[in-house]
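# Examining the three-dimensional arrangement
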Amino acid sequence: DRVMELYQIPKGAKVIGISLRSWKNAQKYFEREIAINLDEICEKYNLYPLFIPMQYPYDLDFSIKILSSMKTKGVVIDRQYDGSILKGIFRRCTITLGMRLHSLIYSFGVGVPVIGLSYDPKVKSFLEYVKCPYYVDVEKLSMSNLQETFDYCYNNMEEIETEIEKNLSVM
């Protein structure tokens, strides 16, 4: 809660946790595409973007770059926190969109629905393993496939949260 206050995240805001990284094999317009997608998602669902960099300083710089390309007002967590605080930050999110595997692990671990941006087989494999197979291949990222995946997850949030809770108890 203190971290959320520190970054002046509006109380009661529906937060989308975002953990991105630059990736040399991403399509040429990946940065622009992801910024446009995030703006549309945030506007459609009234979500507040909270960028949670997992690897410093690389993810921090990239997150700042993406947020500065967006129309939607949001925040980038600009320092590293330990695992217990990160879990608390992800717990305050409504949903998480992550490229970094650990962002997905933390979010899933606290029962928050996740959507992966798969740049490496480990992202897809983790999401399939935990029976939360919601991801988009970064190499095939488009406005429609990310929107469709996000729409499905957001519109089925209660069912997905129940499935996560059930899967967490098994794990």
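So, a few notes on the structure that sits alongside this text.

## Focus: the sheet that holds strand β6 (residues 135–137)
- Ordered in space as β3-β2-β1-β4-β5-β6, the 6 strands form an open sheet in which the pairing is parallel. Here the strands that pair on one side only, and so sit at the sheet edges, are β3 (75–76) and β6.
- In the sheet, strand β5 (residues 114–118) pairs with β6 via 3 bridges, with the strands oriented parallel. Opposite Leu-117, over in β6, you have Val-136 as the bridge partner.
- Of the strands in this sheet, β5 and β6 touch helix α6 (residues 121–129), which is tilted by about 150° from β5.

## As for helix α5 (residues 101–109)
- Within the span of α5, buried status applies to Leu-101, Ser-103, Leu-104, Ser-107 and Phe-108. Each buried residue of α5 sits inside an arc of 160° when the element is viewed along its axis, so together they form one side.
- Along its buried surface, α5 packs onto β1 (14–19), α4 (83–91), β4 (95–98), β5, α6 and α8 (157–170).

## Thoughts on the nonpolar core
- Core analysis: the largest hydrophobic core is formed by 64 residues, its most contacted members being Ile-16, Leu-20, Ile-34, Leu-38 and Leu-117.
- When residues of this core are assigned to their parent elements, the largest contribution, 7 residues, is made by helix α2 (residues 30–45).
- Not counting residues up to four positions away in its chain, the partners in contact with Leu-117 are Leu-20, Ile-34, Leu-97, Gly-98, Met-99, Val-123, Val-136, Val-138, Leu-141 and Leu-146.

## Some points on the side chain of Ser-19
- Relative to the assigned elements, Ser-19 resides in strand β1.
- Since its relative accessible area comes to 0%, Ser-19 is described here as buried.
- A distance of 3.3 Å separates a polar atom in the side chain of Ser-19 from the backbone oxygen of Ile-52.

Rules and cut-offs
Residues numbered from 1 in each chain as written. Predicted model: local features only at pLDDT ≥ 70, side-chain atom pairs only at ≥ 80, totals over all residues. Heavy atoms only, no water. Pairing = 2+ DSSP bridges. Helix = DSSP H or I, 4+ residues; strand = E, 2+ residues; numbered from the N terminus. Contact = heavy atoms within 4.5 Å. Axes fitted to C-alpha atoms, helices over the stretch in contact; angles between N-to-C directions. Buried < 20%, exposed > 50% of the residue type's maximum accessible area, 1.4 Å probe, protein only. Arc of directions from axis to C-beta. Core = buried A, V, L, I, M, F, W, Y, C linked by side-chain atoms within 4.5 Å. Polar contact = N/O pair within 3.5 Å; in protein donor to acceptor, adjacent residues only side chain to side chain.

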